[in-house]
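Descriptive structure summary
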Number of protein chains: 2
Amino acid sequence: MGKPRQTFQTPRGTRDFFPADMAARRHIESCWRSTSTAWGFDEIEGPTFEHLDLYTVKSGPGIVNELFSFQRSGGDTNYALRPEFTPTLARMAVSQGKALPIPTKWFSIPCLFRAERPQRGRLREHVQWNVDVLGLAEAPADAELISVAIAALDRLGLDPSMVQVKFSHRDVVANLLKGLGVPDDQLPAAFDLLDRRDKMPAEVFVDKASSLGLNEEAVGRFDELAHTTTEPGSDPTAIKGLAAEDAGHLGELHRCLKDHGIADWCHVDLGIVRGLAYYTGTVFEIHETSGAERAIAGGGRYDHLVELFGGPSTPACGFGMGDVVLSLVLADRGLLDVEAMLPRPDAFVVCIDDDMSSHLVPVTSRLRHAGYHARSSYKQTRNPGKLLKEANANRARLAIMLGRELNDGVVVIKDLEAGEQHEIQLAELEQAVARLLDRS
Amino acid sequence: MGKPRQTFQTPRGTRDFFPADMAARRHIESCWRSTSTAWGFDEIEGPTFEHLDLYTVKSGPGIVNELFSFQRSGGDTNYALRPEFTPTLARMAVSQGKALPIPTKWFSIPCLFRAERPQRGRLREHVQWNVDVLGLAEAPADAELISVAIAALDRLGLDPSMVQVKFSHRDVVANLLKGLGVPDDQLPAAFDLLDRRDKMPAEVFVDKASSLGLNEEAVGRFDELAHTTTEPGSDPTAIKGLAAEDAGHLGELHRCLKDHGIADWCHVDLGIVRGLAYYTGTVFEIHETSGAERAIAGGGRYDHLVELFGGPSTPACGFGMGDVVLSLVLADRGLLDVEAMLPRPDAFVVCIDDDMSSHLVPVTSRLRHAGYHARSSYKQTRNPGKLLKEANANRARLAIMLGRELNDGVVVIKDLEAGEQHEIQLAELEQAVARLLDRS
């Protein structure tokens with residue numbers, strides 16, 4: 001067996017998580033999980049790969065090139081690494097039939113995969129927090145969904161000056177587009193243009209808008225519509241030209257966001273579309289306010305999805321928040337202090353006398369079995385200075401020093417924060433550690 | 001888009017985790033993680049797929065049929081869903097070069113994949129706890145590794161009467177085989193036969209053993225060797241026919257296991273081989289004592305592995321423990337009380353007066369932002385009996401009842417365990433909840 005070292009690389013667009021990276025990842029995942037639970041969502045998970053058809057039924061055959069798909073050697077079933085979690089969620093919901101509770105509030109933290117060229121903020125494998133509400137229609141559920149997303153960002157240290165929820169409503173935008181003169185059969189094309197507005201030169205936009213049947217003045221108003229935003233926390237019914245029903249849609253969501261105490265994290269942005277056919281009502285994205293990064297999260301209402309997967313008509317809304325952009329935003333703001341996130345040892349056990357070396361493992365083991373995070377030195381040295389240096393390098397709170405005092409059943413514990421030393425009876429080790437850690 | 005419902009199934013050999021399933025999975029994973037941390041291991045993670053070569057370099061081209069492998073559409077790089085974590089670990093360790101700490105104690109909880117026919121205890125996707133020590137030679141590291149495995153099983157509620165570590169040592173068995181007359185060049189074949197001893201009829205074993213060059217008496221002694229075990233906790237140096245060096249190997253590990261306080265969880269079983277070329281010293285498996293299920297865990301020492309992946313010569317040992325067999329064993333023993341593992345709401349908020357419905361979301365939201373797991377009723381009813389029934393069905397500890405008293409700024413909290421009701425000021429909601437939950 002040779003050593004083709006050139007292939008022993010992390011696959012392109014994927015990541016190795018060394019302990020510090022993993023501490024940051026766990027910090028984010030723990031925050032997602034605890035916030036989801038506090039908000040009354042139940043955790044689910046599905047397979048890492050699904051039948052390929054599960055994705056083509058929703059997104060059409062064009063999705064296949066964006067997926068990693070495969071068969072078993074000698075098999076003929078097509079599988080794909082999941083590019084998103086929603087089809088799995090819909091499949092699981094449908095499989096429950098009438099046993100599915102109304103409402104169903106589920107979250108999941110899956111790894112997802114895209115066979116694309118990796119870019120800043122977009123990798124081939126990432127971790128995504130998915131939160132969904134099935135069975136509840138209208139703004140109260142949309143607002144609860146946005147609320148849990150904001151709560152997690154709040155707990156991670158972000159505030160409304162750093163991140164904002166930009167929300168819109170597909171029906172509102174459809175009515176505004178029709179008011180400009182876009183015929184019904186051109187609405188999908190108009191949404192598509194709105195979605196890609198900022199990715200093309202102005203003259204291309206004018207051309208494309210004109211081809212929708214809009215005159216020059218209407219093209220200008222389309223451009224205005226695409227850039228219509230409100231101030232954070234302000235009443236969206238003040239937007240000019242809204243029909244009463246549409247002002248109702250936006251105003252109702254705004255009221256619900258106020259009930260959740262998060263109105264100042266949110267503002268209307270009628271340029272938010274979230275793709276083409278999928279969403280049916282409220283849509284939203286969460287962005288860093290500087291606009292430097294991709295969206296942190298995106299979601300909205302998709303009332304036809306469960307039906308598409310063979311279930312009954314079910315109102316539903318959900319969002320996904322990936323770890324890649326979020327980590328960039330947190331790091332930019334100095335909110336990923338990895339050192340502080342690494343688990344910190346309660347005790348570091350060292351032997352400073354050769355005659356006592358047989359106690360090292362049993363003492364360490366006792367602390368671990370008592371529930372403490374205990375480490376010990378694997379070094380051969382008995383030099384107290386070097387060993388205490390190692391204990392400090394491990395960021396341990398206490399150093400347990402095994403020396404000659406053990407002949408009298410006594411152990412020295414050094415509190416590495418307070419700098420104090422305590423002599424305690426070996427028999428009372430666990431109690432002494434608990435007391436010193438303020439756990440007793 | 002049609003509805004080919006027949007394909008909307010969970011892929012064969014994979015699992016959907018509904019909230020109760022997920023609670024059980026999280027219970028096991030949390031136990032693995034907290035035990036690893038207490039024992040001083042740092043968490044890492046790698047990509048879900050790797051370059052295919054990473055697996056063939058260790059296991060040879062024969063492994064390919066046991067893997068799910070794939071290319072990106074239009075690409076020419078071969079990838080595989082990881083069937084095990086050790087090659088990723090070795091790749092990551094090698095990538096650190098001289099920056100790799102000595103020792104390195106890493107754990108990981110990856111999803112792993114096998115393209116095999118699913119069987120009881122063996123699925124196509126499973127979760128495996130991997131724990132490894134790099135840079136420490138000999139029995140003390142082997143014993144620490146076994147100790148963390150046992151500690152997790154202990155925390156999950158198992159005891160030495162339910163599960164046992166069966167350990168052996170490749171050098172000891174090699175010497176015993178040579179003593180029977182197996183020539184050096186037949187040792188791999190002899191290990192292979194030992195490994196598969198109990199999967200073949202007795203006469204096939206005799207044939208195969210004879211073809212190794214053993215006479216009838218030696219074949220009988222080979223059979224005896226394959227079934228040589230000691231009593232839990234007993235001194236393995238009492239095994240007959242051990243050379244001094246070999247008694248030293250087994251005796252030293254036994255002494256280290258005693259230092260960790262886990263000798264009674266362990267016994268020698270010279271029939272344990274753990275495959276062919278991989279392991280170099282201590283090998284072990286953890287089995288349910290009834291013998292009804294597959295191994296719960298397996299591992300040992302593999303001092304050449306890091307070198308195989310292009311790194312420096314590095315002593316190393318590790319084990320893997322999958323979630324599938326472990327879950328079966330825990331369920332068999334009544335140790336997976338899923339109901340008790342589902343996150344339990346601290347408070348369930350209900351509105352029993354139509355005039356107060358505008359308070360439902362703000363009150364629930366306040367509790368969530370204060371860190372509590374708070375749910376509320378989405379039902380339209382204001383009937384206190386029905387709403388309290390729902391609170392109980394949610395297993396909430398407290399019901400927060402919003403009624404006419406709110407006109408005076410008063411909320412009724414019902415302690416659903418104690419059955420007591422308390423009237424508190426809405427302004428002091430969080431403090432009252434903390435007090436009632438014994439958190440204050």
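Treat the numbers as computed from the prediction; the structure is a model and nothing was measured. (Residues numbered from 1 in each chain as written. Chains lettered and ligands numbered in written order. Predicted model: local features only at pLDDT ≥ 70, side-chain atom pairs only at ≥ 80, totals over all residues. Heavy atoms only, no water.)

Attention now goes to the side chain of B:Q164. Residue and element names in this part refer to chain B. Along the chain, Q164 falls in strand 8 (residues 163–169). Of note is the side chain of Q164, whose polar atom sits 3.0 Å from the backbone oxygen of D264. A polar side-chain atom of Q164 sits 2.9 Å from a polar atom in the side chain of H267. In this structure Q164 touches P232, D264, W265, C266, H267, E285, I286, H287 and T289, once residues within four positions along its chain are discounted. (Helix = DSSP H or I, 4+ residues; strand = E, 2+ residues; numbered from the N terminus. Polar contact = N/O pair within 3.5 Å; in protein donor to acceptor, adjacent residues only side chain to side chain. Contact = heavy atoms within 4.5 Å.)

Bringing empty space enclosed by the protein into the picture now. Space left empty within the atom packing is revealed by a probe, the size of a water molecule, rolled over the atoms. A complete count under the given rule lists two cavities of 30 Å³ or more for this structure. Each pocket or cavity is described by its volume, and for the largest cavity that value is around 410 Å³. Along its surface, the largest cavity is lined by 32 residues, and A:R25, A:C111, B:E45, B:I109 and B:C111 are the ones closest to its centre. Where the lining of the largest cavity is concerned, the elements lending two or more residues are helix 1 (19–38) and strand 7 (125–134) of chain A together with helix 1 (19–38) of chain B. No other element matches the five residues that helix 1 of chain A contributes to the lining of the largest cavity. Residues belonging to the lining of the largest cavity are distributed by class as follows: twelve nonpolar, five polar and 15 charged. The space that makes up the second largest cavity amounts to roughly 80 Å³. Among the elements that make up the lining of the second largest cavity, the one with the highest residue count is strand 7 (residues 125–134) of chain B (three residues). (1 Å grid on protein atoms, 1.4 Å probe; cavity = no way out; pocket = protein on both sides within 12 Å on 5 of 7 lines; lining within 4 Å. Points joined across faces, edges and corners; volume = space filled by probe spheres on them. Nonpolar A, V, L, I, M, F, W, Y, C, P; charged D, E, K, R; others polar.)

All names here are of chain A. Across the sheet, which stays open at both edges, the five strands sit in the order 14-13-15-16-17 with mixed pairing between neighbours. At either margin of the open sheet sits one strand with a lone partner, and together these are strand 14 (374–376) and strand 17 (421–425). Each adjacent strand pair in this sheet contributes to an overall mean axis angle of 25 degrees, direction not counted. Where strand 13 (residues 347–351) lies against strand 14, three bridges are found, and the strand directions are parallel. Note that in strand 14 the partner of A347 across the bridge is A374. (Pairing = 2+ DSSP bridges. Axes fitted to C-alpha atoms, helices over the stretch in contact; angles between N-to-C directions.)

Our next topic: the domain arrangement of chain A. Each domain of chain A was delimited in the assignment, giving domain 1 (16–332) and domain 2 (343–436). For domain 1 of chain A and domain 2 of chain A, the distance between their C-alpha centres works out to 51 Å. (Domains from an automatic or database assignment.)

This part covers the pairing of strand 16 (residues 410–415) of chain B. Residue and element names in this part refer to chain B. Counting buried positions along strand 16 gives five out of six residues, so the element sits mostly inside the fold. Here strand 15 (residues 398–402) pairs with strand 16 via four bridges, running antiparallel. Each bridged residue has a counterpart across the sheet, and for A399 the counterpart in strand 16 is K414. Bridge analysis of strand 16 against strand 17 (residues 421–425) gives five bridges, and the strand direction is antiparallel. Bridge pairing in strand 17 links K414 to Q421. (Buried < 20%, exposed > 50% of the residue type's maximum accessible area, 1.4 Å probe, protein only.)

Facing the 84 residues of chain B at the interface are 84 residues of chain A. When the two sides are added together, the surface that chain B and chain A hide from each other amounts to roughly 7500 Å², 59% of it contributed by carbon and sulfur. Along the contact surface separating chain B from chain A lie eight salt bridges. Notably, a salt bridge pairs B:R368 with A:E144, separated by 3.1 Å at the nearest N-O pair. Joining chain B to chain A, the criterion identifies 36 residue pairs in polar contact (both at pLDDT 80 or more). In terms of residue count, helix 1 of chain B provides more of the side of chain B that touches chain A than any other element does, seven residues in total. (Buried area = accessible area lost by both parts, 1.4 Å probe. Salt bridge = Lys/Arg side-chain N within 4 Å of Asp/Glu carboxyl O.)

The next point concerns the sheet that holds strand 3 (residues 69–70) of chain A. All names here are of chain A. One open sheet holds the three strands; their spatial order is 2-4-3, and the pairing between them is antiparallel. Looking at which strands have only one partner, the edges of the open sheet turn out to be strand 2 (49–51) and strand 3. Where strand 2 meets strand 4 (residues 79–81), three bridges bridge the pair, whose relative direction is antiparallel. Directly across from F49, in strand 4, lies its bridge partner L81.

What follows concerns the environment of A:S290. All names here are of chain A. Counting through the fold element by element, S290 comes out in the loop between strand 10 (282–288) and strand 11 (297–301). With 129 residues separating them along the chain, S290 and S161 place their C-alpha atoms 9.4 Å apart. Within the local environment of S290, its side chain forms a polar contact with the side chain of E288, the two groups lying 2.9 Å apart.

Time to look at the packing of aromatic side chains. A ring pair, where both rings are aromatic, is described by two values, the distance of the centres and the angle of the planes. The final tally for this structure, using the stated rule, is 29 aromatic pairs over all chains. Ring-pair connections join several aromatic residues into one group, and the members of that group are A:F49, A:F68, A:F70, A:Y79, A:F113, B:F49, B:F68, B:F70, B:Y79 and B:F113. Taking the ring centre of B:F17 as reference, the NZ or CZ of B:R25 above it sits at 4.6 Å. (Phe/Tyr/Trp six-rings, centres within 6.5 Å; stacked < 30°, edge-to-face > 60°. Lys NZ or Arg CZ within 6 Å of the ring centre and 35° of its normal.)

All names here are of chain A. Where helix 5 (residues 170–180) contacts helix 6 (residues 187–196), the axes come no closer than 11 Å and their chain directions differ by 105 degrees. Judged by the inter-axis angle, helix 5 sits roughly perpendicular to helix 6. Touching R170, V173, A174, L177 and K178 of helix 5 are L187, A190, F191 and L194, all from helix 6. Looking at side-chain class alone, the contact of helix 5 with helix 6 contains seven nonpolar, no polar and two charged residues. (Parallel < 35°, antiparallel > 145°, perpendicular 65-115°, else oblique.)

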